[in-house]
Amino acid sequence: MSRILMVAAAQMGPVARDEPRSSTVARMIGLMRQAKEKGAQLVVFPELALTTFFPRWYMEDAAEIDAFFETEMPGPESRVLFEAAAQLGVGFYLGYAELVEVDGRRHHFNTSILVDATGAIVGKYRKVHLPGHAENEPWRPFQHLEKRYFEPGDLGFPVFEAFGGTMGMCICNDRRWPETFRVMGLQGVEMVMLGYNTPVHYPPAPEHDHLQDFHNHLVMQAGAYQNGTWMVGVAKAGHEEGCDLIGGTCIIAPTGEIVAQAETLADEVIVHDCDLDRCKEIQENIFNFGLHRQPEHYTLITGTKGVMRPPPRQED
């Protein structure tokens with residue numbers, strides 16, 4: 001008997017810097033209702049969905065920075081999203097900026113949560129691979145200061161039993177790192193949800209600008225295939241505060257095939273019936289980890305952070 005999960009990828013168009021959370025949440029509830037009408041049981045929203053992508057600005061005022069963060073979840077503005085989900089009987093993935101205090105120290109994370117159809121949080125992930133830089137670089141047309149405003153996630157890459165399967169989460173730049181998917185794959189993940197805000201223009205290597213959409217799908221398709229998992233990648237897209245963001249929101253099968261894809265750079269819902277049992281086609285065959293992996297030869301992956309080049313060859 002197949003395990004079918006109808007998933008909706010809820011792409012969002014631009015969110016203005018001065019757009020109140022109440023407006024953004026209202027848009028998200030509208031997308032959630034569309035998804036429910038299409039039969040969805042789970043709705044995936046983008047990274048940092050509640051606000052504009054604020055790391056594009058250099059800020060020094062702590063209060064100005066913290067205004068983009070949530071100190072509780074659900075919070076005053078996001079609570080209605082949870083209530084709508086419970087009323088509709090659908091779950092969701094939500095990306096947001098999280099501010100927590102532990103032992104008197106404040107921590108800032110780029111976070112996502114998984115919420116079930118009752119409105120209860122059943123999983124949390126904090127972004128591990130932070131891109132960009134930490135100090136102001138005026139030569140850039142816009143900044144990418146995730147290393148300034150966030151610290152690397154401290155939860156690893158957990159998976160969660162929910163929605164009748166084994167669910168995992170990651171965020172934006174995480175998709176470019178194969179370790180992200182492999183760690184979840186080694187836990188039997190059957191669906192990975194990922195939100196992203198990805199600029200079209202990459203200032204350090206503008207010659208790659210025309211490849212942004214290609215690279216976006218390349219890494220997600222590879223991660224899906226090499227781990228036999230469904231992949232749901234969801235963009236915040238369009239022209240946001242002077243910065244063009246790619247779209248390409250898609251749902252990818254465990255075979256690496258894109259089975260549904262957004263057609264616009266605006267608010268848009270796409271859906272697909274995901275048979276979680278299809279993961280076995282890959283996980284029990286070509287990528288049967290228990291049968292084929294040789295981890296004793298992979299120790300360099302966790303034993304070093306940078307490149308370890310071989311010593312120069314000695315001349316005779």
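Notes on the structure follow. (Residues numbered from 1 in each chain as written. Predicted model: local features only at pLDDT ≥ 70, side-chain atom pairs only at ≥ 80, totals over all residues. Heavy atoms only, no water.)

Moving on: the environment of Ala224. Take Ala224: it is sitting in helix H6 (residues 212–227). Exposure remark for Ala224: the relative accessible area of 0% places this residue in the buried category. Residues Ala224 and Val192 lie 32 residues apart in sequence; the distance between their C-alpha atoms is 8.2 Å. Non-local contacts of Ala224, meaning those with residues more than four positions away in its chain, are made with Thr229, Met231, Ile252, Ala253 and Pro254. (Helix = DSSP H or I, 4+ residues; strand = E, 2+ residues; numbered from the N terminus. Buried < 20%, exposed > 50% of the residue type's maximum accessible area, 1.4 Å probe, protein only. Contact = heavy atoms within 4.5 Å.)

A word on the sheet that holds strand E6 (residues 159–162). Within the open sheet, the 6 strands sit side by side as E6-E7-E8-E9-E12-E13. Their pairing is mixed. On the outer flanks of this sheet lie E6 and strand E13 (258–261), each paired with one strand and no other. Looking at each pair of strands side by side, their axes are set apart by 20° on average, direction ignored. The pairing of strand E8 (residues 191–196) with strand E9 (residues 230–235) spans 6 bridges and is classified as parallel. By the bridge assignment, Tyr196 is partnered in E9 with Ala235. Set on the sheet, helix H5 (residues 178–185) makes contact with E6, strand E7 (165–171), E8 and E9; between it and E7 the angle comes to about 160°. (Pairing = 2+ DSSP bridges. Axes fitted to C-alpha atoms, helices over the stretch in contact; angles between N-to-C directions.)

All told, the structure shown has 9 aromatic pairs when counted by the stated rule. Between Phe54 and Tyr149, the aromatic rings sit 5.9 Å apart at their centres with planes inclined by 50°, giving tilted as the arrangement. Of this pair, Phe54 sits in the loop between strand E2 (42–44) and helix H2 (62–66) while Tyr149 sits in helix H4 (residues 146–149), and the two are 95 residues apart along the sequence. No difference in accessibility class separates Phe54 from Tyr149, as the two residues are buried. Arranged with centres 5.6 Å apart and planes meeting at 55°, the rings of Phe69 and Phe150 form a pair that is tilted. With a gap of 81 residues between them, Phe69 in the loop between H2 and helix H3 (79–88) and Phe150 in the loop between H4 and E6 connect regions that are remote in the sequence. Look at Phe69 and you get buried, because its relative accessible area is 5%. (Phe/Tyr/Trp six-rings, centres within 6.5 Å; stacked < 30°, edge-to-face > 60°.)

A separate point is the pairing of strand E3 (residues 91–102). Here E3 lies mainly inside the structure; 9 of its 12 residues are buried. Across 11 bridges, E3 lies against strand E4 (residues 105–115) in antiparallel orientation. When the bridges of E4 are listed, Glu98 appears paired with Phe109. Hairpin connection between E3 and E4: a loop of 2 residues separates the two successive antiparallel strands, and Asp103 in this loop has a positive phi of roughly 50°.

A complete count under the given rule lists 18 salt bridges for this structure. Between Arg17 and Glu64 there is a salt bridge, with its nearest N and O atoms 3.0 Å apart. Of the two residues, Arg17 is situated in the loop between strand E1 (4–11) and helix H1 (21–37) and Glu64 in helix H2; the sequence distance between them amounts to 47 residues. With a relative accessible area of 32%, Arg17 lands in the partly exposed category. The salt bridge partner of Asp154 is Arg126, with a shortest N-O separation of 2.9 Å. (Salt bridge = Lys/Arg side-chain N within 4 Å of Asp/Glu carboxyl O.)

Quick look at the pairing of strand E5 (residues 121–126) now. Sheet topology places E4 next to E5; 5 bridges connect them, and they run antiparallel. When the sheet's bridge partners are listed, Ser112 is paired in E5 with Tyr125. In textbook terms, the turn of a hairpin is the stretch between consecutive antiparallel strands, and for E4 and E5 this stretch comprises 5 residues, one of which, Gly119, has a positive phi near 90°.

Moving on to the packing of H5 against H6. The contact between H5 and H6 brings their axes to 9 Å, and the two run at 25°. When the axes of H5 and H6 are compared, the pair comes out roughly parallel. Pair H5 / H6 crosses with right-handed handedness. Packed against H5, whose contacting residues are Phe181, Arg182 and Gly185, the element H6 presents Val219, Gly223, Gln226 and Asn227 at the interface. Residues belonging to the contact of H5 with H6 are distributed by class as follows: 2 nonpolar, 4 polar and 1 charged. (Parallel < 35°, antiparallel > 145°, perpendicular 65-115°, else oblique. Left-handed = near helix turned anticlockwise from the far one by under 90°. Nonpolar A, V, L, I, M, F, W, Y, C, P; charged D, E, K, R; others polar.)

All right, on to H6 then. Along an α-helix, a turn takes 3.6 residues, which lines up residues three or four apart on a common side. Spanning 16 residues, H6 covers 23 Å between terminal C-alpha atoms, matching the ideal 22 Å at 1.5 Å per step. Listing the buried residues of H6 in full gives Gln212, Asn216, His217, Val219, Met220, Gly223, Ala224 and Asn227. Seen end-on, H6 carries its buried residues on one side only, within an arc spanning 165°. Of the residues one or two after H6, Gly228 is the one with positive phi, at around 60°. (Expected span 1.5 Å × (residues − 1). Arc of directions from axis to C-beta.)

Once that is clear, we can look at the packing of H1 against H3. Running from N to C, H1 and H3 cross one another at 15°; their axes reach a closest spacing of 10 Å. Considering their axes alone, H1 and H3 lie roughly parallel with respect to each other. Handedness of the crossing formed by H1 with H3: right-handed. Seen from H1, the contacting residues are Val25, Met28, Ile29, Met32, Arg33 and Lys36; seen from H3, they are Val80, Leu81, Ala84, Ala85, Gln87 and Leu88.

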